[in-house]
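Okay, here's what each chain looks like letter by letter:
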Amino acid sequence: MTQEQFMRYVELALKNLGHNQASRYNIEGEIYPVMQQYSEAQITEKVKTISFKK
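Analysis parameters
- Residues numbered from 1 in each chain as written.
- Predicted model: local features only at pLDDT ≥ 70, side-chain atom pairs only at ≥ 80, totals over all residues.
- Heavy atoms only, no water.
- Helix = DSSP H or I, 4+ residues; strand = E, 2+ residues; numbered from the N terminus.
- Buried < 20%, exposed > 50% of the residue type's maximum accessible area, 1.4 Å probe, protein only.
- Areas by Shrake-Rupley, 256 points an atom, 1.4 Å probe, with all protein chains shown as cover.
- Salt bridge = Lys/Arg side-chain N within 4 Å of Asp/Glu carboxyl O.

Enquirer: Help me out: how do you make sense of the overall build of the chain in this one?
Expert: From N to C terminus, the chain includes 3 helices and 0 strands. Scanning the chain from its N terminus toward the C terminus, one meets helices and strands in the order α-α-α. Judged by the C-alpha coordinates and their principal axes, the chain covers about 35 × 30 × 15 Å. The buried share of the chain, reckoned over its 54 residues, is 11%. Counting every atom, the chain has about 4,900 Å² of accessible surface; 55% of that belongs to carbon and sulfur.

Here's what the structure looks like:
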C-alpha cells in the first residue's frame, strides 16, 4: 500500500468518526512526518509499546 492510499483510508476513517476538516488536517499532519521518519518495522515496534490508559 502506498503512502497516498494509506492516507485516503485514514481520511475516510476520520470522516466516519465525525472529525471535522481541521481535526483531520491536524491528525494527517502528525502522520506524514512519522511515515517519513520511521520504517514500517520501527512504527510497528513503537505501536506495540504504547499503552492506552483510560
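Okay, back to it.
Enquirer: What should I look at first to understand the pattern of salt bridges in this one?
Expert: Pairs may arise between side chains of opposite charge once their charged atoms sit close together. Within this structure, the stated rule accounts for 3 salt bridges. Glu4 is paired through a salt bridge with Arg8; the nearest N and O atoms lie 2.7 Å apart. Linking Glu4 with Arg8, this pair stays in helix α1 (residues 3–16), spanning 4 residues, or about one helical turn. Among the residues examined, Glu4 registers a relative accessible area of 54% and is labelled exposed.

These figures capture arrangement, not role.
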